[in-house]
Amino acid sequence: MSVDTLSSGSVGWRTIFSKHLMLVTGAGILLFFVLLATGAPVLAPYDPILHNGDARLQAPSLLHPFGTDNFGRDVLSRVIWGTRIDLQIALIGVAFPFLIGTAVGTIAGFFGGIVDALFMRLVDIILAFPFLVLMLSIIAILGPGLGSFYLAMALVGWVSYARLIRAQMLVLKNSDYAMAAVSLGFSRMRIMFRHLLPNAVAGSIVFAMSDAVLVLLSGAAVSYLGLGVQPPVAEWGVMVAEGQSFVTTAWWITLFPGLSIVCLAFGFSMLGDAFGERLGVHE
C-alpha cells in the first residue's frame, strides 16, 4: 500500500470522525447520564437523603469523592440520584409541549381560515408575556411540585412548536404530493398525519433537542427558587440552592450538581446540532 493511499485514507477517516463528532459526543453524554440514572441504586455509595451529623461539610476524599453537605449527606450519591429527576424534567418537560404544539400547528396550518386565526391569536396572547414569568405564575397558582412544573411547561411551551409546524404545513399542503393525495380521495386526517406531518416535523424534532436544554435549566431554576422539586429529594437545582450559603467554605456542594447541569445541557445541545445537520435544518 502506497504512502498516498495511507494518507488519503487517514484524511477520509478524519473527515468521517469530524462529521459525526457532535452526534457521537452528544449521544455519548446522554447515554452516560441514562446509565447513571438507571443504575443509581447500585452506583450510589450512600443513601442520598440519610443525614449523618458526624460527617457534615467534609471535603472531597476517598470516602466521599464529592464531599458531604451541611446535613452530612454524600454529594456524589445525591448527584447520581438527582440524574433521574433532571433527565425526567428534560424529557417530560419537552414531550407535552411538543405533542400539543404539533397537534395545534398541524390543524391550524392545514385548515387555515378562521381555525388558523383563532389558534394564532391564542399564540400571540401567550407570547405577549415573558416565558419565565408566566411559567412561575402558573406554578405559584397550582402550588410547588413537579406536576405543577410539567403542567406550566405544557401550557406555555407548546406555542413555539405550533408556529414551527404551522409554517411547514402552510407550504406542504400546496405541494404536488398533497394535491395528488386530495385527488385520490384520501381523507383529511390521512393527508394531515400520514402525508404532511412526517415531512413537517423535522424542524420541531431538532428544536425539541435544543428546547430540552431550556427545560432542564428552567426546572433547575424553579427548584432553586423552591417551587419545583422539594427537599430532601435529590435534584441538582435543589442541591445548588442548599449549598449557596456554604459556597465559600464548602464549594463542592454547589460545584458538582452545577457541573452536572452544564454537562447534560451540553449533551442535548450537541445532539440537537447533529440532528439539525443531518436533517438539513438550521435554527
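Residues numbered from 1 in each chain as written. Predicted model: local features only at pLDDT ≥ 70, side-chain atom pairs only at ≥ 80, totals over all residues. Heavy atoms only, no water.

**Concerning the environment of glutamine 244**
So the rule is basically this: Only runs of H or I of at least four residues qualify as helices and only runs of E of at least two qualify as strands under DSSP, and these elements are numbered from the N terminus. Buried means the residue's accessible area, taken with a 1.4 Å probe over protein chains only, is under 20% of the maximum for its type, while exposed means over 50%, and partly exposed covers the values in between. Contacts are assigned to residue pairs that have any heavy atoms within 4.5 Å of one another.
With respect to the element layout, glutamine 244 can be found in the loop between helix H10 (236-243) and helix H11 (252-279). Look at glutamine 244 and you get partly exposed, because its relative accessible area is 43%. Residue contacts for glutamine 244: discarding those within four places in its chain leaves Tyr224 and Thr254.

**Here we look at the environment of serine 210**
Its place among the elements puts serine 210 in helix H9 (residues 202-224). Each C-alpha atom, one on serine 210 and one on phenylalanine 66, is 29 Å from the other, the two residues being 144 residues apart in sequence.

**A closer look at the pattern of salt bridges**
Oppositely charged side chains can pair when the atoms bearing their charge come close. Short version of the rule: Counted as salt bridges are all cases of a side-chain nitrogen of Lys or Arg within 4 Å of a carboxyl oxygen of Asp or Glu.
In this structure the tally under the stated criterion is 5 salt bridges. In this structure, aspartate 116 engages arginine 166 in a salt bridge whose closest nitrogen and oxygen atoms are separated by 2.6 Å. Placement of the pair is aspartate 116 in helix H4 (residues 113-127) and arginine 166 in helix H6 (residues 146-172), with a sequence separation of 50 residues. For aspartate 116, a relative accessible area of 11% corresponds to the buried category. For arginine 166, a relative accessible area of 22% translates into the label partly exposed.

**Observations regarding the nonpolar core**
Across soluble globular proteins, you tend to see nonpolar side chains buried next to one another. Applicable threshold: Here, nonpolar core refers to any group of buried Ala, Val, Leu, Ile, Met, Phe, Trp, Tyr and Cys residues whose side-chain atoms link them within 4.5 Å.
In this structure, Ile89, Phe149, Leu264 and Phe268 are the most contacted members of the largest nonpolar core, which totals 61 residues. Residue contributions to this core peak at 11 residues, all from helix H3 (residues 75-111). The residues touching phenylalanine 149, leaving out its near neighbours within four places in the chain, are Ile89, Met135, Ile139, Val215, Ser218, Gly219 and Val222. Ranked by size, the runner-up nonpolar core spans 8 residues in total, among them Val104, Met120, Val159 and Ala162.

**Remarks on unusual backbone geometry**
Between proline 231 and proline 232 the backbone carries a cis peptide bond, its omega angle lying at 10°. Note on placement: proline 232 falls in the loop between H9 and H10.

**Let's talk about H9**
We count it as follows: The span expected for a helix works out to 1.5 Å for each residue beyond the first. Working definition for bend: take the seven residues up to and ending at a residue and the seven starting at it, fit an axis to each, and measure the angle between the axes.
Here H9 is 23 residues long and its end C-alpha atoms lie 33 Å apart, about the 33 Å a rise of 1.5 Å per residue gives. At serine 210, H9 shows its largest bend, some 30°.

**What about the confidence of the model for the protein chain?**
What counts is decided by this rule: pLDDT expresses how confident the predictor is about each individual residue, on a scale running from 0 to 100.
Looking at the protein chain, pLDDT values average 87 and 92% of them are 70 or higher. Per-element averaging of pLDDT across the protein chain places helix H1 (residues 3-38) at the bottom with 71 and helix H2 (residues 40-43) at the top with 94. Taken as a whole, residues 1-11 scores under 50 in pLDDT and shows 1 contact with residues more than four places along the chain or in a different chain.

**Considerations on a nonpolar patch on the surface**
Heads up, the rule is: Here the term patch refers to residues with relative accessible area over 30% and no salt bridge, with like charges joined within 9 Å and nonpolar side chains (Val, Leu, Ile, Met, Phe, Trp, Tyr) within 5 Å. Under the convention used here, a 1.4 Å probe and the Shrake-Rupley method define accessible areas, while residue burial counts only the protein chains that appear.
A surface patch of nonpolar side chains, about 400 Å² in accessible area, is lined by Ile141, Leu142, Leu151 and Leu155. Secondary structure elements with two or more residues in the nonpolar patch: helix H5 (131-142) and H6. With respect to the helices and strands, leucine 142 occurs in helix H5.

**Quick word on the packing of H3 against H9**
Quick note on the threshold: Lines fitted to C-alpha atoms define the axes here, with helix axes fitted over just the stretch in contact, and angles between the N-to-C directions of these axes take values from 0 to 180 degrees. Here the angle decides the label: under 35 degrees means roughly parallel, over 145 means roughly antiparallel, 65 to 115 means roughly perpendicular, and every other value means oblique. Crossings are sorted by hand: turned counterclockwise from the far helix by less than a right angle, the near helix makes the crossing left-handed, and turned clockwise it makes it right-handed.
It is at 8 Å that the axes of H3 and H9 come closest, and there the two elements cross at 130°. With respect to their mutual orientation, H3 and H9 come out oblique. Crossing handedness for the pair H3 and H9: right-handed. From H3, Asp86, Ile89, Ala90, Gly93, Val94 and Phe98 reach across to H9, where they touch Ser204, Ile205, Ala208, Asp211, Ala212, Val215, Leu216 and Gly219.

**Considering the packing of aromatic side chains**
Threshold: Any Phe, Tyr or Trp ring, taking Trp's six-membered ring, that has another such ring centre within 6.5 Å forms a pair; planes under 30 degrees apart are called stacked, those over 60 apart edge-to-face, and the others tilted.
Counted according to the given criterion, the structure contains 9 aromatic pairs. Ring centres of phenylalanine 66 and phenylalanine 256 lie 4.0 Å apart, and the angle between their planes is 5°; this geometry places the pair in the stacked category. Here phenylalanine 256 lies in helix H11 and phenylalanine 66 lies in the loop between H2 and H3, a separation of 190 residues in the sequence. On the accessibility criterion, phenylalanine 256 (16% relative accessible area) is buried. On the numbers, 6.4 Å between centres and 45° between planes, the contact of tryptophan 251 with phenylalanine 256 is tilted. Cluster of aromatic residues (ring-pair linked, three or more members): Phe66, Trp251, Trp252 and Phe256.

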